[in-house]
Amino acid sequence: NDRYNQGGWPSTIILSDKGFVVHGATYLPPPALKELLKQAKDWYDQNRKRVSDAAEVLAAEASRTPSFAAPEPHSIKDFTGEIMADIMKNADKQYGGFGTGAKFPQPDAVSLLLAQHYFTADEALLQFAEKTLQNMSEGLLDPEEGGLFRYSLSPEWNMPHYEKHLAVNAESLQNYLDAFRLTGK
C-alpha cells in the first residue's frame, strides 16, 4: 500500500521492468486504461534505455537507505493507548468517521472503538462509533441492492461513490453486529 497506492483503491500503476513506478492513477474506465497502456507501451519503446538508466539510479539510491533500529518494546496497553489517541485525533465529531474530506468506512478503527468501550465502559467511544455507523448507513447504504457504497465524496456521508468493496462491506457488517451486541440497536 505504501509503495503503490495512488490515492485510493483500485490503483492503476505502470511499473518499469525493475519494479519502479513509471505512472500511476486511481481507477480508470476500460477505454481510458486501454489508451493509457497503448501510450505507455509506445513511450517505453522509445525510451527503454532512459528507463533502464533511471531504474539503476533509483536502485542504487534505495540501497543507501539507512536501516532503522527496532522500536522500543511497549506494553499492549501503551500501544492501544497510542492507537486510540491517533484515532480520536482524526475523529470527525460532527459527522462521525475520520478526517474532514471524503469519508471512507474504517471498520478496523470502529472495531477498536467498540472493543475499548467494552473493556473501559468509555461512553464517548461508543457514542462516536454509533454516530459513525448511523451516518454511514444513512449515506452509503444502497437502497436497491443493499450493502454499503465504497465511500462518500463529502464529510457528511451524503454523496456516495457508486462502487462497492466486498471486504469493507464484510468488515462493516461485523461493526454493526458488534454495535448491536453492545447496545441492542
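One can find the structure itself at the top, above this paragraph.
Throughout this description, residue numbers start from 1 for each chain and increase along the sequence as written. Where local features are concerned, this predicted model is filtered to residues with pLDDT of at least 70; where side-chain atom pairs are given and counted, the filter is 80 or more; whole-chain, interface and lining totals use all residues. With hydrogens and water stripped out, all remaining heavy atoms of the structure feed into the side-chain values.

S.K.: I would appreciate a short explanation of helix 4 (residues 123-140) in the present structure.
M.R.: Because an α-helix packs 3.6 residues into every turn, residues spaced three or four apart end up facing the same way. Under the scheme used here, helices are H or I runs from DSSP no shorter than 4 residues and strands are E runs no shorter than 2 residues, and both carry numbers assigned from the N terminus. Helix span, as expected, comes to 1.5 Å for every residue beyond the first. With 18 residues, helix 4 extends 25 Å between its outermost C-alpha atoms, agreeing within 8% with the 26 Å of an ideal straight helix rising 1.5 Å per residue. Here a polar contact means two N or O atoms within 3.5 Å. Within protein one must be a hydrogen donor candidate and the other an acceptor candidate, and residues neighboring in sequence count only if both atoms are side-chain atoms. With a side-chain oxygen lying 3.0 Å from the backbone nitrogen of A124, the N-terminal cap of helix 4 falls on D122.

S.K.: Honestly, unusual backbone geometry in this entry has me stumped. Any pointers?
M.R.: Note: most residues except glycine have negative phi, and most peptide bonds are trans. Even without a glycine there, the phi angle at A121 is positive, about 60 degrees. Mapping A121 onto the fold places it in the loop between helix 3 (107-120) and helix 4.

S.K.: It is not clear to me how the side chain of K103 should be interpreted in this structure. Could you clarify?
M.R.: Checked against the element boundaries, K103 lands in the loop between helix 2 (76-89) and helix 3. Accessibility expressed as a relative area gives 0% for K103, which makes it buried. Here G96 takes part through its backbone oxygen, which lies 2.8 Å from a polar atom of the side chain of K103. When near neighbours in sequence (up to four residues on either side) are disregarded, K103 contacts D92, Y95, G96, G97, F98, Y151, S152, S154, P155 and W157. Relative accessibility under 20% of the residue-type maximum defines a buried residue, over 50% an exposed one, and the middle range a partly exposed one, all with a 1.4 Å probe and only protein chains included. Two residues qualify as a contact provided that any one of their heavy atoms is within 4.5 Å of a heavy atom in the partner residue.

S.K.: Just checking my understanding: could you explain the packing of aromatic side chains for this structure?
M.R.: Two measures describe an aromatic ring pair: the distance that separates the ring centres and the angle between the ring planes. Any two of the Phe, Tyr and Trp rings considered here, Trp counted by its six-membered ring, make a pair once their centres fall within 6.5 Å; the pair's planes then place it as stacked at under 30 degrees, edge-to-face at over 60, or tilted in between. The final tally for this structure, using the stated rule, is four aromatic pairs. On the basis of an interplanar angle of 20 degrees and a centroid distance of 4.4 Å, the ring pair of F104 and Y151 is categorised as stacked. One end of the pair, F104, is in the loop between helix 2 and helix 3; the other, Y151, is in strand 3 (residues 151-152), and 47 residues separate them in sequence. We classify F104 as partly exposed; its relative accessible area is 28%. Exposure remark for Y151: the relative accessible area of 15% places this residue in the buried category. Ring centres of Y118 and F119 lie 5.2 Å apart, and the angle between their planes is 80 degrees; this geometry places the pair in the edge-to-face category.

S.K.: Sorry, what's going on with the packing of helix 3 against helix 5 (residues 166-183) here?
M.R.: Running from N to C, helix 3 and helix 5 cross one another at 20 degrees; their axes reach a closest spacing of 9 Å. Taken together, helix 3 and helix 5 sit at an angle that is classed as roughly parallel. Note that helix 3 runs across helix 5; the crossing there is left-handed. Across the interface between the two elements, P107, V110, S111, L114, H117 and Y118 of helix 3 pack against V168, E171, S172, N175, D178, A179 and L182 of helix 5. Split by residue class, the contact of helix 3 with helix 5 holds seven nonpolar, four polar and two charged. Lines fitted to the C-alpha atoms define the axes, with helices restricted to the stretch that makes contact. Angles between their N-to-C directions range from 0 to 180 degrees. With respect to orientation, any angle under 35 degrees is reported as roughly parallel, any angle over 145 as roughly antiparallel, any angle of 65 to 115 as roughly perpendicular, and every other angle as oblique. Each helix crossing is assigned a hand: it is left-handed if the near helix lies turned anticlockwise from the far helix by less than a right angle, otherwise right-handed if that turn is clockwise. Under the grouping applied here, Gly and all other residues not named as nonpolar or charged are polar, the nonpolar ones being Ala, Val, Leu, Ile, Met, Phe, Trp, Tyr, Cys and Pro and the charged ones Asp, Glu, Lys and Arg.

The quantities given are spatial measurements derived from coordinates; they are silent on function.
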